[in-house]
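Tertiary structure, described
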Amino acid sequence: MSNYHIKHLEEYYKVYRKSVREPEVFWEEIAEEHFSWHKKWDKVLEWDFKKPEIKWYQGAKLNITENCIDRHLRTKGDKVAILFEPNNPEEEAQHITYHQLHERVNKFANVLKNEGIKKGDRVCIYLPMIPELAVSLLACARIGAIHSVVFAGFSATALSTRINDSDCKVVITSDGSFRGNKTIDLKGIVDEALEDCPGVHSVLVVNRIDSEITMKEGRDKLLQPLLDNASSHCEPEIMDAEDPLFILYTSGSTGKPKGMVHTTAGYMVYTAYTFKNVFNYKDDDIYWCTADIGWITGHSYIVYGPLANGATTVMFEGVPSHPDYGRFWEVVEKHKITQFYTAPTAIRALAKEKLEYIDKYDLSSLKVLGSVGEPINEEAWHWYNDNIGKKKSPIVDTWWQTETGGILISPIPYVTPTIPTYATLPLPGIQPCLMDENGEEIKGKQVDGRLCIKYPWPSIARTIWGNHQRYKETYFSTYENNYFTGDGALRDTVGYYRITGRVDDVIIVSGHNLGTAPIEDAINEHPAVAESAIVGFPHDVKGNALYGYVILKETGEGRLHENLRKEINQMITEHIGPIAKLDKIQFTPGLPKTRSGKIMRRILRKIACNETDNLGDTSTLLNPEVVQTIIDNSF
Ligand code: PRX
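The model shown is predicted, which means the values in this text are computed figures rather than measured ones. (Residues numbered from 1 in each chain as written. Predicted model: local features only at pLDDT ≥ 70, side-chain atom pairs only at ≥ 80, totals over all residues. Heavy atoms only, no water.)

1. Comments concerning the site of the ligand
To be explicit about the condition: Any residue with a heavy atom positioned within 4 Å of a molecule or strand is treated as near that molecule or strand. Polar contacts, as used here, are pairs of N or O atoms within 3.5 Å; protein pairs need one atom able to donate a hydrogen and one able to accept it. Residues neighboring in sequence count only if both atoms are side-chain atoms. Accessible surface is estimated by sampling points in the Shrake-Rupley manner with a 1.4 Å probe; for residues, cover comes only from the protein chains shown. We count a stretch as a helix when DSSP gives it H or I for four or more residues in a row; a strand needs E for two or more, and each element gets its number in order from the N terminus.
Taken together, 18 residues form the shell around the ligand, and within it Asp397, Thr398, Thr402, Asp487 and Arg502 come nearest. One of the side-chain N or O atoms of aspartate 397 is found 2.8 Å from a nitrogen atom in the ligand. In the environment of the ligand, an oxygen atom lies 2.9 Å from a nitrogen or oxygen atom belonging to the side chain of glutamine 401. Coverage of the ligand by the protein amounts to 95% of the 540 Å² it exposes when considered alone. Within the residue set of the shell around the ligand, elements represented by two or more residues are α11 (296–308), β20 (395–398) and β26 (497–502).

Below is the structure:
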């Protein structure tokens with residue numbers, strides 16, 4: 001019998017040791033006992049981190065939607081699968097049962113088929129947090145199409161880059177979206193993006209906000225009439241274990257976004273297993289993750305992980321501040337939420353508001369609180385623990401990445417004793433290690449280094465779409481035979497891990513992963529800009545904010561600078577999206593550079609953080625004199 005649900009600490013250690021000693025036996029038992037397969041695997045795992053090549057459950061045949069929907073119909077058909085809470089609290093919530101989800105996914109899958117979509121084709125999804133978003137992912141998976149969801153806060157340029165990179169044939173979008181008291185014209189953004197996307201032959205449009213939109217003849221179609229005419233039976237495509245399930249883009253420290261490719265069987269097994277354990281999920285629970293499905297957290301822990309367990313998963317369309325700062329807690333009371341999973345940036349923003357927003361509501365249904373996306377600082381952890389969990393709900397600080405597919409390091413609630421700011425212990429099957437700058441493993445306790453994982457787990461991304469070489473260079477070349485996470489971490493005396501943050505040029509702002517290079521590229525497009533460099537600095541709500549150093553082609557002053565700051569942020573909004581806007585922009589005559597012409601970001605980071613006492617040796621710079629000028633003019 002596999003230990004699918006770990007219930008106490010001794011059991012955790014026992015299971016963990018087994019998962020390291022006999023990883024294949026461990027993952028084979030879980031796959032066998034908890035999922036349905038058309039054919040079992042020939043081999044559990046084959047891997048080589050040098051190539052790199054990773055294959056789980058090779059030879060197995062399955063369809064993930066049968067595991068997420070069909071197999072629950074007999075016992076849980078009338079159970080709510082997706083509970084949709086709209087942006088406007090006056091609008092009624094929707095309770096979509098497993099039966100209804102089955103019908104909606106089948107119909108949608110048939111619509112895609114009628115559009116000519118076949119197994120292996122890529123479909124881009126650009127939708128707000130409405131039920132059609134989850135349904136469209138599952139509809140793609142039903143017919144073996146590869147979905148590529150683009151977060152509906154990205155700009156037209158960012159959208160077209162992603163559509164073209166993976167050569168999507170169809171885009172699924174809506175007329176617009178509601179966000180607090182605003183609406184956003186999504187269809188307009190898609191139209192603009194598609195001017196540069198010759199490969200897209202059709203656009204399916206969900207009506208959400210009843211806005212006037214232009215429909216391009218022959219390309220754009222309203223979804224609802226197509227659904228009305230579609231059959232509610234769609235035979236699931238039988239997929240190989242290693243067939244791609246989806247592509248999801250994440251920022252890199254250089255170049256264009258990386259389309260991380262996740263495959264079918266391993267991803268399913270790992271997200272389901274971790275969902276069950278990390279959230280201590282039980283049958284009657286109502287689980288709510290506030291993330292957007294546009295990010296990996298939504299893919300794994302709103303859609304696939306919960307549905308594979310037959311859970312009720314909440315989809316929330318709104319924002320925490322609308323109609324007021326009590327919205328999250330109102331929803332917790334209304335739907336009697338048992339697990340609540342959110343990001344530190346949301347916690348910090350809400351912690352600034354009055355406690356009355358919380359005290360009005362009954363939060364006694366809560367059993368587990370989760371945190372994800374960035375380090376949670378001690379103050380936010382305590383606020384969450386005291387005011388939301390009332391010191392009774394364990395907090396699971398879950399560390400993972402788009403690339404890892406599922407949670408790798410996290411407490412198991414009611415099992416692992418928690419310590420604020422520690423993600424604590426690796427989940428079964430995960431073998432973390434810390435490396436020094438020379439590539440040697442740092443053994444022992446109370447040490448810190450760069451976080452790597454030694455051994456594959458089922459949901460590791462298999463490649464970067466169209467660029468396996470980049471996959472190899474980014475993750476497997478820094479430390480031989482190890483997956484390099486890009487994060488720093490420390491390990492304490494009991495073996496707990498604390499994630500200290502990125503060690504590369506990725507900056508996490510409000511839980512969003514932003515590479516500095518694409519932002520610099522966007523700024524440099526401005527005709528007045530000669531060069532720029534972006535660094536992060538601490539921000540009390542966002543965790544980090546962005547500080548830009550900009551060299552202008554011609555110097556100017558005062559009002560001109562103010563206008564330029566606005567234009568630069570406008571440029572970033574157009575190329576990436578408002579999430580990447582800079583908080584501070586300093587115009588400078590130069591940037592500190594090494595003799596080989598590389599910008600010394602370490603120095604810029606210290607200046608942005610007001611840590612100018614200890615800048616280290618600057619004498620080897622090409623232009624050491626510029627450092628003092630930058631300090632004198634810094635914010
Ligand atoms: O730096 C780590 C941070 O977020 C990065 C991954 O970002 P992304 O791929 O967008 O996925 C976010 C959601 C899984 C990591 O490299 N990060 C994520 N969770 C934590 C974290 N940092 C500290 N503590 C966490 N719990």
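Resuming the write-up.
2. Focus on a negative patch on the surface
The cut-off we apply is this: Patches here are clusters of residues that have more than 30% relative accessible area and form no salt bridge, with a 9 Å joining cutoff for like charges and a 5 Å cutoff for nonpolar side chains (Val, Leu, Ile, Met, Phe, Trp, Tyr). A carboxyl oxygen of Asp or Glu within 4 Å of a side-chain nitrogen of Lys or Arg is what we treat as a salt bridge. Counted as positive: Lys and Arg. Counted as negative: Asp and Glu. His and the chain ends are not counted at all. In this description, the location of a charge corresponds to atom NZ of lysine, CZ of arginine, CG of aspartate or CD of glutamate.
On the surface, Glu192, Glu195, Asp196 and Glu574 cluster together into a negatively charged patch. Note on placement: aspartate 196 falls in the loop between α8 (186–194) and β11 (202–206).

3. Things to note about the sheet that holds strand β30 (residues 543–552)
Our working definition: At least two DSSP bridges between two strands are needed for those strands to be called paired. Axis angles are defined between N-to-C directions and span 0 to 180 degrees, where every axis is a line fitted to C-alpha atoms and, for a helix, only to the segment in contact.
One open sheet holds the three strands; their spatial order is β29-β30-β31, and the pairing between them is mixed. Both outer strands of the open sheet, β29 (529–539) and β31 (584–587), are each paired with one neighbouring strand and no more. This sheet shows a mean twist of 20° between the axes of neighbouring strands, independent of strand direction. Pairing geometry for β30 and β31, over four bridges, is parallel.

4. Looking at the sheet that holds strand β14 (residues 244–250)
Sheet strands pair via backbone hydrogen bonds, and the direction of the pair is either parallel or antiparallel. The condition is simple: Residue contacts are counted whenever heavy atoms from the two residues lie within 4.5 Å of one another.
Taken in spatial order, the eight strands make up an open sheet running β12-β11-β8-β6-β7-β14-β15-β24, and their pairing is mixed. Lying at the two open borders of the sheet, with one neighbouring strand each, are β12 (220–222) and β24 (463–464). With six bridges connecting them, β14 and strand β15 (residues 258–263) associate as antiparallel partners. By the bridge assignment, leucine 248 is partnered in β15 with methionine 260. In the packing of helix α7 (residues 156–165) onto the sheet, contacts are made with β6 (122–126), β8 (170–174) and β14, and the angle to β6 comes to roughly 165°.

5. A few points about the environment of glutamate 29
By the element assignment, glutamate 29 lies in helix α2 (residues 23–34). In this structure the side chain of glutamate 29 is engaged in a polar contact, spanning 2.8 Å, whose partner is the side chain of lysine 18.

6. Re the side chain of arginine 565
With respect to the element layout, arginine 565 can be found in helix α18 (residues 558–575). Among the polar contacts made by the side chain of arginine 565, one reaches the side chain of glutamate 562 at a distance of 2.7 Å. Sequence-distant contacts of arginine 565, defined by excluding residues within four places in its chain, comprise Ile585, Phe587 and Phe635.

7. What about the nonpolar core?
To keep it simple, the criterion reads: Residues enter a nonpolar core if they are buried and are Ala, Val, Leu, Ile, Met, Phe, Trp, Tyr or Cys, with the set joined through side-chain atoms within 4.5 Å. Burial status follows relative accessibility: with a 1.4 Å probe on protein chains alone, a residue under 20% of its type maximum counts as buried, one over 50% as exposed, and anything between as partly exposed.
In this structure, Trp27, Trp37, Tyr57, Leu101, Phe279 and Tyr304 are the most contacted members of the largest nonpolar core, which totals 124 residues. When residues no more than four places from it in sequence are discounted, the contact partners of leucine 101 are Ile69, Ala81, Ile82, Ile96, Val135, Leu138 and Leu307. Counting residues in hydrophobic clusters, the runner-up holds 38 residues, among them Leu159, Leu514, Ile568 and Ile585.

8. Notes on the pairing of β30
In terms of burial, β30 is largely enclosed, as eight of its ten residues are buried. Between β29 and β30, which pair antiparallel in sequence order, lie three residues.

9. Examining the packing of helix α5 (residues 98–114) against helix α6 (residues 131–143)
We apply this condition: Crossing handedness follows the turn of the near helix against the far one: under a right angle anticlockwise gives a left-handed crossing, and clockwise gives a right-handed one. Classes in brief: Ala, Val, Leu, Ile, Met, Phe, Trp, Tyr, Cys and Pro nonpolar; Asp, Glu, Lys and Arg charged; the others, Gly included, polar.
Viewed as axis vectors pointing N to C, α5 and α6 meet at an angle of 65°, and their least axial separation amounts to 8 Å. Classified by chirality, the crossing of α6 by α5 is right-handed. For the pair formed by α5 and α6, the contact residues are Leu101, His102, Arg104, Val105, Asn106, Phe108, Ala109, Leu112 and Lys113 on the first element and Pro131, Glu132, Val135, Ser136, Leu138, Ala139, Cys140, Arg142 and Ile143 on the second. Tallied by class, the residues present in the contact of α5 with α6 amount to eleven nonpolar, three polar and four charged.

10. Thoughts on the domain arrangement of the protein
Applied cut-off: Domain boundaries shown here were taken from an automatic or database domain assignment.
Its domain assignment divides the protein into domain 1 (9–430 + 456–472) and domain 2 (506–632). The C-alpha-based centres of domain 1 and domain 2 are spaced at 33 Å. Facing 19 residues of domain 1, the contacting portion of domain 2 comprises 22 residues. One salt bridge connects lysine 352 with aspartate 540, and the closest N-O pair in it is separated by 3.0 Å. Applying the counting criterion to the domain 1 and domain 2 interface returns eleven residue pairs in polar contact (both at pLDDT 80 or more).

11. Some details on the packing of aromatic side chains
Put simply, the rule reads: Planes of paired rings set the category: under 30 degrees apart is stacked, over 60 is edge-to-face and the rest tilted, where pairs are Phe, Tyr or Trp rings (Trp by its six-membered ring) whose centres lie within 6.5 Å. A positively charged side chain is recorded as over a ring if its NZ (Lys) or CZ (Arg) lies within 6 Å of the ring centre. The angle to the ring normal must also be within 35 degrees.
Applying the stated criterion to the full structure yields 45 aromatic pairs. Consider the rings of tryptophan 288 and phenylalanine 328, whose centres lie 5.2 Å apart with planes at 80°: the pair is edge-to-face. Remark: phenylalanine 328 occurs in helix α12 (residues 327–335) and tryptophan 288 occurs in strand β16 (residues 286–289); sequence separation between them is 40 residues. Residue classification places tryptophan 288 among the buried residues on the basis of a relative accessible area of 0%. Residue class for phenylalanine 328 comes out buried when judged on its relative accessible area of 4%. With centroids separated by 5.2 Å and ring planes inclined at 70°, the aromatic side chains of tryptophan 288 and phenylalanine 340 adopt a geometry described as edge-to-face. Here tryptophan 288, found in strand β16, pairs with phenylalanine 340, found in strand β18 (residues 339–342); they are 52 residues apart in sequence, far enough to count as distant. Each residue in the set Tyr4, Phe26, Trp27, Trp37, Trp41, Trp56, Tyr57, Tyr270 and Tyr273 is aromatic and connected to the rest through ring pairs, giving one cluster. Geometry around phenylalanine 154 places arginine 162 over its ring, the cationic atom sitting 4.3 Å from the centre.

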